[in-house]
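Close look at the chain arrangement
Here is how the chains run, residue by residue.
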Amino acid sequence: MTSPDDGRRLPGTTLLTIASWMFSEQFVSTVVHPTIADLQSEFVASGSNRVGRLRALVRGYSAFWTVMLHVPLTQWAAPERDADAAPGFAVRQFAGGVTALALLFCAGALFDVSAVILMAAGAVCAVAIHHWYERHPLSTAAPSDMPWRPPQINFSSMDVAGNVGGLIFVVGSLLVVVLGVPFLLTILMAGAAAGCLLAWRLAAWYRRHPNAGLPENLIVLR
Amino acid sequence: MGRVTGTLPAKEELILDLLVSEGPMHGLALVEQSDGALKRGTVYVTLGRMEAKGLVESEQEPVPPGGIGLPRRIYRPTALGTRMLRAWTAFTRELAWGTKS
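What counts as what
- Residues numbered from 1 in each chain as written.
- Chains lettered and ligands numbered in written order.
- Predicted model: local features only at pLDDT ≥ 70, side-chain atom pairs only at ≥ 80, totals over all residues.
- Helix = DSSP H or I, 4+ residues; strand = E, 2+ residues; numbered from the N terminus.
- Buried ≥ 20, exposed ≤ 12 C-beta atoms within 10 Å, placed from the backbone.
- Contact = placed C-beta atoms within 7 Å.
- Nonpolar A, V, L, I, M, F, W, Y, C, P; charged D, E, K, R; others polar.
- Core = buried A, V, L, I, M, F, W, Y, C linked by C-beta atoms within 7 Å.
- pLDDT = per-residue confidence, 0-100.
- Pairing = 2+ DSSP bridges.
- Expected span 1.5 Å × (residues − 1).
- Arc of directions from axis to C-beta.

Re the overall build of chain A
Along chain A, the regular secondary structure elements total 8 helices and 0 strands. Counted from the first residue to the last, chain A has its helices and strands arranged as α-α-α-α-α-α-α-α. Out of the 222 residues belonging to chain A, those deemed buried represent 14%.

Structure below.
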């Protein structure tokens, strides 16, 4: 790669460097590199025409950010598992963290500080659940037996198992709600304590009456 | 190499068609030739997937002396890609003929 005669760096050079830290070598060489090469070739072909250069920049950068939006959908965007131990992995993780923080700061400028705190808490909760399930893949909550249910995003439609992952989900959700609506803290604390007490008593009762509540089905009972 | 499935998505068919009929070209030229069917932001994702399947192959364009900027990547269809396009075209034609009659 060479620079223009006036010694300035060509557009996209820094983005390519950052992308090479964050993504796999294959993804960079097959997708990111050609996208930036197109941007630079159009930019150089525009010569001294300022309108042409501006147009090349707009088109090139919008193509680059469209590629970034497609990253989660591409099958070879993420680094391979074996690459986790590579020296660059920590740098990529750090870059990802910095990007997330930058997005949070942007959100803080647009919304209220409390929105940033909520997003950060939600992100921490999501990362914790993700890491826990990565280490305990067999504990992933199995979906219920319902053949179909309408698509919805709410707490009641989420399958949560009675394990540490479920605990992180519940505590994290409570944390997010409390951060968003602080005056609910007392009610939620009282509700959580009463719920724990009730669960403890129910568990004890079912230990003493193991067949209680089962259907009157002889095959099942046998 | 990725798995070649029994179907050829419309964008991959278009890319193969352009590469077979017009000859090797880079991604931006494919976008320009496609009359808006291919987008700059997604063409390399599709080309990368096709390369993984073995339908196209690519090499970096040689940089001329004094040239500046990153070298571009030139794509050409592989023998498998060409055969796949012919087979897929024949199949869709047969299917259309069968549906009509």
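Here we look at the overall build of chain B
Check the secondary structure of chain B and you find 4 helices and 3 strands. Along its sequence from the N terminus, chain B presents helices and strands in the succession α-β-α-α-β-β-α. A burial count over chain B gives 33% of its 101 residues as buried. Pairs at least 24 apart in sequence give 54% of the contacts found in chain B among residues at least 6 apart.

What to know about the interface of chain A and chain B
In this complex, chain A contributes 24 residues to the contact, which on the side of chain B involves 16 residues. At the level of secondary structure, the elements contributing two or more residues to the side of chain A that touches chain B comprise α2 (25-45) and α3 (50-70) of chain A. The element that contributes the greatest number of residues to the side of chain A that touches chain B is α2(A), accounting for 11 residues. Within the side of chain A that touches chain B, the residues separate by chemical class into 11 nonpolar, 11 polar and 2 charged.

Re unusual backbone geometry
Phi is mostly negative for residues that are not glycine, and the peptide bonds are mostly trans. All names here are of chain B. For Asp35, which is not glycine, the phi dihedral falls at a positive 55°. Take Asp35: it is sitting in the loop between α2 (27-33) and α3 (40-53). Assessed through the 8 C-beta atoms surrounding it within 10 Å, Asp35 is described here as exposed.

Observations regarding the nonpolar core
Nonpolar side chains tend toward joint burial in soluble globular proteins. Counting residues in each nonpolar core, the largest one holds 35 residues, and the members touching the most others are Val32(A), Ile36(A), Val67(A) and Leu47(B). The element that contributes the greatest number of residues to this core is α2(A), accounting for 7 residues.

Quick notes on the confidence of the model for chain A
Note that predicted coordinates carrying low pLDDT should not be read in detail. Residues and elements named next belong to chain A. Per-residue confidence for chain A gives a mean pLDDT of 74, with 64% of residues at or over 70. Looking at the elements of chain A, mean pLDDT is at its lowest for helix α8 (residues 218-221), recorded as 51, and at its highest for α2, recorded as 87. Note on residues 75-87: pLDDT under 50 across the span, and 14 contacts to partners over four residues away in sequence or across chains.

What about the sheet that holds strand β2 (residues 56-60) of chain B?
Residue and element names in this part refer to chain B. Spatial ordering of the open sheet is given by β1-β3-β2, a layout of 3 strands whose pairing is antiparallel. For this open sheet the edge positions go to β1 (25-26) and β2, each flanked by a neighbour on one side alone. Bridge analysis of β1 against strand β3 (residues 73-77) gives 2 bridges, and the strand direction is antiparallel. Across the sheet, Met25 pairs through a bridge with Tyr75, a residue of β3.

Re helix α1 (residues 10-22) of chain B
Given 3.6 residues to a turn, an α-helix orients residues that are three or four positions apart in the same direction. Residues and elements named next belong to chain B. In this model α1 runs 18 Å from its N-terminal to its C-terminal C-alpha over 13 residues, within 8% of the 18 Å that 1.5 Å per residue would give. Within the span of α1, buried status applies to Glu12, Ile15, Leu16 and Leu19. For α1, the arc enclosing every buried residue in end-on projection is 95°, short of the 170-degree limit, so these residues lie on one face. Facing away from the buried surface of α1 by more than 90 degrees, the exposed residues are Ala10, Ser21 and Glu22. Directly beyond the C-terminal end of α1, a positive phi value near 95° is found at Gly23.

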